[in-house]
Amino acid sequence: MVTADQRLDRTGVIAALASFGFWGLVPIYYKGLQTVGAWEVLAHRVIWSVPLLIVFLLVRDQGQFWGKLRLPLASIAWLVLSGLTVSINWLVFVWAVANDHILDTSLGYFATPLVSVLLGYLFLKERLSRLQFIAVIVAAMGTFYLAWYLGRPPWIAIALALSFGLYGLLRKRLKVGPMLGLLWETSLMFPAALAYLLWLNSQSGLQFLHASTGIDLLLIGTAIVTVVPLIWFNMAAQKLPLSILGFFQYLAPSMSFLIAVFLYGEIFTTGHAVAFV
């Protein structure tokens, strides 16, 4: 007989596989927007995410939505900073995919958990076990070796790992749910994103409504790419221990790695091999 707890675990596993599997396939989606500038893609991702998040939260929270939406000014100020941080992460990722650097994004997200551990140690006074300390040192050595091998630092991987690690640190200090926090972040960025698109249109550089129906739909769909896997992730986080959920997070960069090398033929050097190991 299957117990209720086992059913919950199965649901959590399915949700975790769905969210991280989706994130692992996201580079293929953004390859379809390769002809659109990264800044425009970012602006659309912000703008279209706002109404989708509002609809989701209205359905989920119903009459409590407007009450939950009210936050102290101090929290809103921190959300401005976290919004800027996640925007940098999104921008670097979109640019990297469009310019054939999916392999670098994979390395960045492989390193992100270790960056988070290090930031927790530096800013939250969380203690590092001996094994965690060794892991951080080994990851740093791999990154330095890749920089020496390529003759330049792997800036994309470093930027992604640091920006997402900092984003996690900022959100950890806020007592705001992930979906509500994302709504606030995208809403706070909405005016700047809209102003940028209006300016881009005045310069005859806007792709939206000027390129093709396919491009328009992909730009609108960036909201789904942003919000839906986060919903699944939250479902998984509620039903699975973090110790188990942590293992699933390596699924996305592993899939991106395979996509980069075997689907798009990005060059995998000895330096990459050492850094990834």
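Residues numbered from 1 in each chain as written. Predicted model: local features only at pLDDT ≥ 70, side-chain atom pairs only at ≥ 80, totals over all residues. Heavy atoms only, no water.

(A) Main features of the pattern of salt bridges. Within the structure shown, the criterion is met by four salt bridges. In this structure, the salt-bridge partner of Lys31 is Asp100, at a minimum N-O distance of 2.5 Å. Taken as a pair, Lys31 in helix 1 (residues 4–31) and Asp100 in the loop between helix 4 (73–98) and helix 5 (102–123) lie far apart in primary sequence, 69 residues in all. Given a relative accessible area of 11%, Lys31 falls into the buried group. When its relative accessible area of 46% is taken as the criterion, Asp100 is described as partly exposed. Between Arg60 and Asp61 there is a salt bridge, with the nearest N and O atoms lying 3.0 Å from each other. Relative accessible area serves as the criterion here: at 10%, Asp61 is assigned to the buried category. Salt bridges linked by common partners bring Arg60, Asp61 and Lys68 together as one network. (Salt bridge = Lys/Arg side-chain N within 4 Å of Asp/Glu carboxyl O. Helix = DSSP H or I, 4+ residues; strand = E, 2+ residues; numbered from the N terminus. Buried < 20%, exposed > 50% of the residue type's maximum accessible area, 1.4 Å probe, protein only.)

(B) Spotlight on the nonpolar core. Ranked by internal contacts, the top residues of the largest apolar core, which has 56 residues, are Tyr30, Leu33, Val41, Met179 and Leu219. When residues of this core are assigned to their parent elements, the largest contribution, 10 residues, is made by helix 4. In this structure, Tyr30 is in contact with Val41, Arg45, Phe93, Val94, Val97, Thr222 and Val225, ignoring residues within four places of it in sequence. Judged by nonpolar contacts, the second largest core, of seven residues, contains Ala15, Ala236, Leu245 and Phe248. (Core = buried A, V, L, I, M, F, W, Y, C linked by side-chain atoms within 4.5 Å. Contact = heavy atoms within 4.5 Å.)

(C) Seen up close, the packing of aromatic side chains. In total, this model carries 19 aromatic pairs according to the counting rule given. Ring geometry for Tyr145 versus Trp148: centroids 5.7 Å apart, planes at 40°, classification tilted. Of the two residues, Tyr145 and Trp148 both sit in helix 6 (residues 130–150), three residues apart, roughly one turn of that helix. Centre to centre, the rings of Phe257 and Phe268 are 5.2 Å apart; their planes meet at 85°, and the pair counts as edge-to-face. (Phe/Tyr/Trp six-rings, centres within 6.5 Å; stacked < 30°, edge-to-face > 60°.)

(D) Inspection of helix 5 at higher detail. Taking 1.5 Å of rise per residue, the 22 residues of helix 5 would be expected to cover 32 Å, and the 30 Å separating its terminal C-alpha atoms lies within 8% of that figure. The largest bend in helix 5 amounts to roughly 40° and is located at Thr112, with the proline Pro113 lying one to four residues further along. Among the residues of helix 5, Ile102, Leu103, Asp104, Thr105, Ser106, Leu107, Gly108, Thr112, Pro113, Val115, Leu119 and Gly120 are the ones counted as buried. The positive-phi residue at the C-terminal boundary of helix 5 is Lys125, with phi of around 60°. (Expected span 1.5 Å × (residues − 1). Bend = angle between axes of the 7 residues up to and from the residue.)

(E) Looking closely at the side chain of Ser49. With respect to the helices, strands and loops of the structure, Ser49 is situated in helix 2 (residues 38–61). Classification of Ser49 as buried rests on a relative accessible area of 0%. One polar contact links the side chain of Ser49 to the main-chain carbonyl oxygen of Arg45, over a distance of 2.6 Å. Excluding residues that lie within four positions of it along the chain, Ser49 makes contacts with His44, Thr186, Ala223, Thr226 and Val227. (Polar contact = N/O pair within 3.5 Å; in protein donor to acceptor, adjacent residues only side chain to side chain.)

Coordinates in, geometry out; function isn't part of it.
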